[in-house]
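Examining the three-dimensional arrangement
Residues per chain, in single letters:
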Amino acid sequence: MPDIIITEKQIHLRNDRISYVIGILEGGIAAHLYFGKRVEAFSAASVLRRWGLPEDGSLSLQNCALNHVPQEYPAYGLGEMREGALIVRAADGTASCDLRFVSAEIADGKYGLEGLPASFGGNAKTLRLKLRDELLGLDVTLLYAIFDNCDIIARSALFENRGGQPLTLERAASLCLDLPDCDYDLITLSGDWARERDVIRRKLTPGEMSVSSIRGASSLLASPFAALARPGTTEASGEVLAAALVYSGSFYAGVEVGSRHAARLMLGLNDRHFTWLLQPGEAFTAPEAVLTWSEDGFDGMSAQFHCLCAEHIVRGKFAHAPRPILLNNWEATYFGFDEEKLLTIARKAAEVGVELFVLDDGWFGHRDSDNSSLGDWVVDRRKLPNGLRSLAEKVHGLGLKFGLWFEPEMISPDSDLYRTHPEYAMQIRGRTPIEGRNQLILDLSRADVQDFVYSAVADVLRENPIDYVKWDMNRNFSNVGSLQLPPERMRELPHRYMLGLYGVLERLQADFPDVLFESCSSGGGRFDLGMLYYMPQTWCSDNTDALCRCRIQWGTSLVFPPFSMGSHVSAVPNHQTGRITPIRARANVAMSGCFGFELDLNKLPESEIEEVKAVIARVKTLRQTLLYGRFHRLLSPFEGHDTAWITVSEDRREAVLMFTRDLAQPDTDAPMLRLRGLDPALIYTVEETGETCGGDELMRSGLCVALPGGDAASVSLTLRAL
Ligand code: GLA
């Protein structure tokens, strides 16, 4: 059960497995004392001694003593020499802040954040820890929540200007965690287009190490996530603490190793091009960060994030539902299609058992290339003379659901929208805007633009029977200017953009609860917990090469569960890598997420069509396990030629094992794969081979898995308890 215990000098948040302890030191400084495995009571003396502080919590704040205090929310300016969580500039131009304890309140349930995505629900308890700077008249309420079913501490901070002068927030982090030592490896996810989320591991060294984005999106290059693992931590064992942001815009996630070898983990809005003006009476909320701890290695860490996503992030009717097997026409046709071509593809899809046909880019305006028409969300009658409704109905007539691509946050200079409303684009007065993929970004900080974007999508959804939307975002910020914001608020634009976008998505969620939304950003360029709050799945990468996908999906799974990852079988040679891999490898890797196709099935030989039919039938019987089972990584593509993972159903009676080797090796023995997550007391049959083995044997001795020959050799095995 989650519980929060407040005593005179301590606040202790805990569930059955983890504890988070805050100390209130003399003078009302909120100190961080402990986060990790549950403890019954916390004396604090040892930890304070480690930091060189009096064991009774007394504190002299002279001589820059704050620099050695582990703080919950350190502010710049009064003796804190490390990078702090908060920088506040007063009207006189100085920056200082002295936050002292005012009150601590406990409430049942999970706090919510107005206008921002945030974890919700379940059996949770909330702590509101109010701190105040009397001179500035600034109240900072630190929000914490603890759940009973996952080992997650959710955090945010609320800033209220109750004084008489304008204050400027120059930094307002979501989470700061002071750790008494720095004996950790930092794990981050970094990548680029078509190679998202490589796992990067480096030893902490003095100074700052971070990943960040100033791109207006969490981005292809880095994820708003950071983990600290004790050296030697593996998938199966070792202590890890990790944090992620429930946010999709520019961010910072980093660690500073400073004086006394202490480490400080910090995540929040990227402050490099950010400030927020708080006039008297105004308030600001920092995006949510979520923090987890596990002693069961990276596997244990991921289990907590996956539980969070399933139970506390993804909303609506698709949260626990089987996701439709889809076919998307993008790589089959690109912009060159008409109704008949699409229906020919859809017919074949229906014949093999696909459930949803998605019409990608190119159906609107006069969009024959990526040069035009974003913003003109009106069907192109040259390609679809009978309109969208007719196409959707014909697709429905085939027994398929119908889905549609949008890129609603964008505007093409060659569009009626731009000709009518050039002021809708983000821009800097007097400068020629820099295009990206020949397009500009809509200024979603503006209410009129928010309404336009909502209506553009909502009108199409109301007028046509549409079951699914792919919401794309294909360029990052430049020309960061708004014609509506005053100069003193211009640095608020990137965050105001996100608030505007979240507002639009909230309205669409509420008004179209039956539409399944999939988020996309040049592939997986905005794969984060913020977008997952509004859209239950994300297109993982434009790269659908089976071998690249082993790496991409492995890295993605550190934080995100299979049900959140769009993963499709595409044609060979692969359009991104030129590589030819067997259909089996492509299917085995793709079925570990929201399964689908990205090709014209009419072009496959009959033998492969039979294989596709069999795979689809198999995915339909196994998808509850594949999507919502417990996912365990077994062999890492970052460490060798092999990738293996297993997904085990909740009752541990069914499991699907995926094993792929990138390059054939001469004279290599079939490896013993030590499985995980099975019930040691149960006996399992491997359906494809007929062999029978105990769960204990499969996990301790392993399963010897023979691969077919050739490169990209792959097997997928079903294990079922007798
Ligand atoms: C992005 C997406 C692709 C596709 C194209 C269409 O690149 O990631 O899947 O939708 O846009 O232009």
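Residues numbered from 1 in each chain as written. Predicted model: local features only at pLDDT ≥ 70, side-chain atom pairs only at ≥ 80, totals over all residues. Heavy atoms only, no water.

1. Some words on the overall build of the protein
Basically, it comes down to this: A helix here means a DSSP run of H or I that spans at least four residues, while a strand means a run of E at least two residues long, and both kinds are numbered starting from the N terminus. Note on method: radius of gyration uses C-alpha positions; expected globular size equals 2.2 Å times residues raised to 0.38. The rule is simple: take the accessible area with a 1.4 Å probe, protein chains only, and divide by the maximum for that residue type; under 20% is buried, over 50% is exposed, in between is partly exposed. We call two residues in contact whenever any of their non-hydrogen atoms come within 4.5 Å of each other. All accessibility values rest on the Shrake-Rupley procedure with a 1.4 Å probe; residue burial counts only the protein chains present in the view. Residues scored as charged are limited to Lys and Arg (positive) and Asp and Glu (negative), so that His and the chain ends carry no count. Here the site of a charge means atom NZ of a Lys, CZ of an Arg, CG of an Asp or CD of a Glu.
Along its length, the protein carries 13 helices and 39 strands. Over its C-alpha atoms the protein spans a radius of gyration of 26 Å, differing by no more than 12% from the 27 Å that the globule rule assigns to 722 residues. In terms of overall dimensions, the protein has C-alpha extents of about 80 × 70 × 45 Å along its principal axes. A total of 722 residues make up the protein; the buried ones form 63% of that total. Considering only residue pairs separated by 6 or more positions, the protein has 69% of its internal contacts joining residues 24 or more positions apart. Of the roughly 25200 Å² of accessible surface on the protein, 50% is carried by carbon and sulfur atoms. Averaging the locations of the 73 positively and 96 negatively charged side chains of the protein gives two centres separated by 1 Å.

2. A closer look at the domain arrangement of the protein
Worth spelling out the cut-off: Residue ranges assigned to the domains are those given by an automatic or database domain assignment.
We note that the domain assignment places domain 1 (3–313) and domain 2 (642–721) within the protein. On a C-alpha basis, the centres of domain 1 and domain 2 stand 40 Å from each other.

3. Side note on the packing of aromatic side chains
The condition that has to hold: Aromatic pairs are defined between Phe, Tyr and Trp rings, using the six-membered ring for Trp, whenever the two ring centres lie within 6.5 Å; interplanar angles under 30 degrees are classed as stacked, those over 60 as edge-to-face, and all others as tilted. Our definition puts a charge over a ring when NZ of Lys or CZ of Arg is within 6 Å of the ring centre and also within 35 degrees of the ring normal.
All told, the structure shown has 27 aromatic pairs when counted by the stated rule. With centroids separated by 5.6 Å and ring planes inclined at 85°, the aromatic side chains of Trp 363 and Phe 406 adopt a geometry described as edge-to-face. With Trp 363 in the loop between β23 (356–359) and α5 (387–397) and Phe 406 in strand β24 (residues 401–406), the pair connects residues that are 43 residues apart, well separated along the chain. Residue class for Phe 406 comes out buried when judged on its relative accessible area of 0%. Arranged with centres 5.5 Å apart and planes meeting at 50°, the rings of Phe 631 and Trp 645 form a pair that is tilted. Placement of the pair is Phe 631 in strand β32 (residues 630–635) and Trp 645 in strand β33 (residues 642–648), with a sequence separation of 14 residues. Residue Trp 645 is classed as buried on the basis of its relative accessible area of 1%. Following the ring pairs from residue to residue traces out a cluster consisting of Tyr 73, Phe 159, Phe 274, Trp 276 and Phe 284. In this structure, Lys 383 packs its charged tip against the face of Phe 337, placed 4.9 Å from the ring centre.

4. Brief notes about the environment of Gly 397
Among the structural elements, Gly 397 can be located in helix α5. Of the residues examined, Gly 397 reaches a relative accessible area of 65% and is grouped as exposed. Each C-alpha atom of the pair Gly 397 and Leu 461 lies 18 Å from the other, and the pair is 64 residues apart in sequence.

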